[in-house]
Amino acid sequence: MFAFTIRRIAQGILVMLIISFLCFTIQHAIGDPVRDIVGISVSAAEREALREKMGLNDPFLSQYIRFLGKAVRGDVGMSFFFKKPALEVILFKAPATLELVFVSSVIIIFISIPLGIYCAINPKHILSRIIMGMSIVGVSIPVFLTAIMLIYIFSVELHWLPSYGRGELVNIGGWKSGLFTISGIRHLILPSIALSSIMLPLFIRLIRSQMMEILETEYIKFAWAKGLHKRRIWFIHAFKNTLLPVITVGGVQLGTMIAFTILTETVFQWQGLGFLFIEAVERADTTLLVAYLMVVGVIFVVVNTIVDLIYGLVNPTVRIQGTR
Amino acid sequence: MGTLARIRQSYILYSFVRDWVAITCFIVVCILILISFLSPFIAPHNPYESASINVMNAETPPMWMEGGSSEFILGTDSQGRDLFSTLLFGMRISIIIGCCAVILQAFLGVIIGLVSGYIGGRLDSFLMRMADVQLSFSTMMVAIFLGAIFQAAFGVAMYERFAVVLLVFIIGLAEWPQYARTVRASVLAEKQKEYVEAARVIGLNSARIMLRHILPNTLSPVLVISTVQVANAIMSEAALSFLGLGMPVTRPSLGSLINSGFEFIFSGSWWITLFPGIFLVLLILVINLLGDWLRDVLNPKLYKG
Amino acid sequence: MEHLLELQNIVVRFALRFGDLTAVDDVSFTLDRGDRMGLVGESGAGKSVTGFSIIGLISRPGYIASGRILFEGTDLAHLNEEALRNIRGNRISMIFQDPMMTLNPVLTIGTQMTETLQAHMDITDEEAAAMAVDRLRMVHIPSPEKRLNQYPHEFSGGMRQRIVIAIALLMDPALIIADEPTTALDVTIQAEILDLLLELCATGKTGLILITHDLAVVSQVTDKITVMYAGRIVEMGSTDTIIHDPRHPYTQGLINALPGSRHTGSRLNQIPGMMPNLLTIPPGCSFHPRCPFMMDICTKQAPRLKYYKEHERQISCFLMENQNKGSI
């Protein structure tokens, strides 16, 4: 387990290095750090002097190493638009996205597990067929369309729920949370439903197919032969084994989830990372864009590593040889 | 081989004829493709011809509603273009981008998968690691990043001019790992088999063995993936366009049409969003259903994950 | 006297899209308390399906089409699910082929044992654990108390099969059905497991049905043999008589194929051909395409299982019916 942990962390660091290299290449190719600092109303000679001073004329590799050194210390450059360190801007916006992802994950977990199990246990039942049919429709509706339709129905027509923003926030040690006020929660409902709408069908299908596979195994047959109650076989014997692959895929799907926060936040003008990213693209704020890539990269690598380690802990038979 | 292919084809036909969902989906796909490609002939207006567009007509509701006009069946969009015509032209762009992107993905993915699986070793683990990383970032995320980077690099005007090519390139580049992994898996399985060994003993070279002997055996999973990938590519294109990283409003795809309609939903002009939305969902849904059906029939060992 | 188990004309079919497939065709036999019967045949002969049909666990599209399964007087073929559940693992328990696959990888041995007890009895965790330890001791697992908290992957294959046997013994069943219990094990461990089975059956009043393709195993453990071919019984009698004097050509083929039945260095005798799959069972006697003594009638008519006093067994073969042809 220890060697496994070390290997996984080493792999994570390697992936991070590759990501940082790509990010730096992008920044090097399209960014203009001089403009980011002094703006555009400075003479060419002055800019050239500044370039030299900032080491922008150094060889590519030594610039990369400098970039890496700074990045490790949390300095990924200044945002052109905000005139603030990019990381600071990102950390300021992060709680909104994290809360959205958290609430959506809760929705996904609490709905997909019971429905997935139900469909696996009663594959021929009419209700299972309806759930599976709905799930393929669900997969086919783009998340931004779901979001717009939710706004139109619940905000524009029915006036039940607010259509944009985060509502009233509570400041908890620098973390601006919308989870503790009625207004904050009302604002969360539509975005989190929209965000979970695309992942939910995927997870229902995943849990169903995994569980159906498990139900065919010898040890489940043996459990029947032992005369256990069916509920125990389904929820203890089969479900515990179903969870393992689902955890792995869940970790991988986090990437998809973050991609969808960009769409969801754009529709709801949710002041989170995704919205920030699209703004940065529109404002050609290269540093901020690259910083976002780096932060998202770190999140992916950390989550995937943790998921792998949890998998190792949950699964007593783990004897992974570095491959998945 | 010929006989085998014939049996398989007849089996596909057999299951197809018995499955009304598959038949319905196939018909719907055909109709959608047909009307979108015939759009220059059947559309009542030409949305690209600025002379025929009158801003005074903007936001006209569908013809059956109060204020609607029989000239514009589904109403008009924010610029006064006939929504139905714009929608047909938009769907054509979506389908073209979706199919071209899938061809590019398949091309990249199949080659990488073949080489990776056949040669193996360091190259294999490097390529697959790359596919892993890219997949863990999710294809949609990679596409959005690439779109953002290209737009920053080329500038908005340039990007919009070459939007179709760029979108094909972005989506193609973002989704090759799916193919690569599947093809690699079937190459590994085929490599074990005796006919490959025999071909090698005869002295055929690697490229020939790969292309003539292994490739044909990997085609059924590739076919299954391709169907679902077209749906995914259309979805990705719509998402990129919705974010303003895709087709410009002057030459809208379904996604950018939805985007342009979004602002007007608050003033009650729901149709600009809803109709393109319905066509987009319908298109993706029937392709997905066909893909599901094809997977059940061909039942290839797909890469899971 | 009432038999422990009596199968009466059991027919098992699998419902497939293009029609039903008969996997077990008109199988009847009886088993008394303490009897040890071997159910022998090639894979696909329907022996496992027969075994699973007894406790109502035939996998999905399969079902018992007709016949009765009388166990201690009740008909298991027509019993409701809850009553059947209460018999499984309690009065009748099973041992599966591959001990690596039989135990749930994410649950401890202790859990997998106590849950069985608690499914059939109202006892506390401590009492259940004590009983589990007792059974583990019976199957010679050293320091069983410590073992309860371990997971299956911490045991070797032989140890796991012992644990599976311990689980089968938990409720002191009247009948154990062992489906190829030694096939997946090393030869040395096979012998240990067989000894253990024999030891456990000899002490109690437990009946045993040993499903296997391995005649050597059967001859070591059982006192009765039922030979199946393509879903039907072809020969049934005491182990002694059948092993030393097989009468049905198929049984003869099986015994001739055993290493050791010939001189060392000579080739093993294989039965020519393959057992038909259930889709292509030939008309008449299903063994006739492979039978060295095939007669005209064999291709047209199926022989019936009959008792032959002079051979002390039941045989289903026209050679026996037609005594004029002489012995073979």
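On a predicted model such as this, the values are computed, not experimentally measured, just so you know.

**Student:** For this particular structure, what's the right way to read the environment of Ala185(B)?
**Tutor:** Residue position: Ala185(B) is located in helix α9 (residues 176-191). Residues Ala185(B) and Phe145(B) lie 40 residues apart in sequence; the distance between their C-alpha atoms is 28 Å.

**Student:** Teacher, can you tell me more about the sheet that holds strand β7 (residues 175-179) of chain C here?
**Tutor:** Sheet strands pair via backbone hydrogen bonds, and the direction of the pair is either parallel or antiparallel. Residue and element names in this part refer to chain C. Sheet architecture is open: eight strands sit in the order β6-β7-β8-β3-β9-β10-β12-β11, paired in mixed fashion. The sheet is open, and its two edges are formed by β6 (92-95) and β11 (306-308), each paired on a single side. Taking the axes of each pair of neighbouring strands and ignoring which way they run, one obtains an average angle of 20° across the sheet. Where strand β3 (residues 36-40) meets strand β8 (residues 207-212), five bridges bridge the pair, whose relative direction is parallel. Bridge pairing links Gly38 to Leu210 in β8.

**Student:** Please explain the pairing of strand β1 (residues 5-16) of chain C as it appears in this structure.
**Tutor:** The side chains of a regular strand alternate between the sheet's two faces. Residues and elements named next belong to chain C. Here β1 pairs with strand β2 (residues 19-31) via nine bridges, running antiparallel. Following the sheet pairing, Leu5 is matched in β2 by Leu31. Note: β1 against strand β4 (residues 62-71), eight bridges, orientation antiparallel. Opposite Leu5, over in β4, you have Phe71 as the bridge partner.

**Student:** Where do I start with the sheet that holds β1(C) in this structure?
**Tutor:** All names here are of chain C. If you walk across this open sheet you meet the four strands as β2-β1-β4-β5, and the pairing is antiparallel. Only two strands of the sheet have a single partner each, and these edge strands are β2 and β5 (74-75). Sitting on the sheet, helix α1 (residues 47-54) is in contact with β1, β2 and β4, with an inclination near 70° to β2.

**Student:** How do you make sense of the confidence of the model for chain B when you look at a structure like this?
**Tutor:** Reading predicted coordinates in detail is not appropriate for stretches of low pLDDT. All names here are of chain B. Overall, the prediction assigns chain B a mean pLDDT of 80, with 88% of residues at 70 or greater. Within chain B, helix α1 (residues 2-18) has the poorest average pLDDT of any element, 62, and helix α4 (residues 83-119) the best, 89. This model gives residues 301-305 a pLDDT under 50, and the stretch forms nine contacts once residues within four places in sequence are excluded. Predicted as a complex, the structure gets a pTM of 0.81 and an ipTM equal to 0.87.

**Student:** Just to check I follow, could you spell out the interface of chain A and chain C for this structure?
**Tutor:** Contacts between the two partners involve 19 residues from chain A, matched on the other side by 24 residues from chain C. Counting residues per element, the ones that place at least two in the side of chain A that touches chain C are α9 (218-225) and α10 (230-268) of chain A. When the residues that make up the side of chain A that touches chain C are grouped by side-chain class, the tally is seven nonpolar, seven polar and five charged.

About the cut-offs
Residues numbered from 1 in each chain as written. Chains lettered and ligands numbered in written order. Predicted model: local features only at pLDDT ≥ 70, side-chain atom pairs only at ≥ 80, totals over all residues. Helix = DSSP H or I, 4+ residues; strand = E, 2+ residues; numbered from the N terminus. Pairing = 2+ DSSP bridges. Axes fitted to C-alpha atoms, helices over the stretch in contact; angles between N-to-C directions. Contact = placed C-beta atoms within 7 Å. pLDDT = per-residue confidence, 0-100. Nonpolar A, V, L, I, M, F, W, Y, C, P; charged D, E, K, R; others polar.

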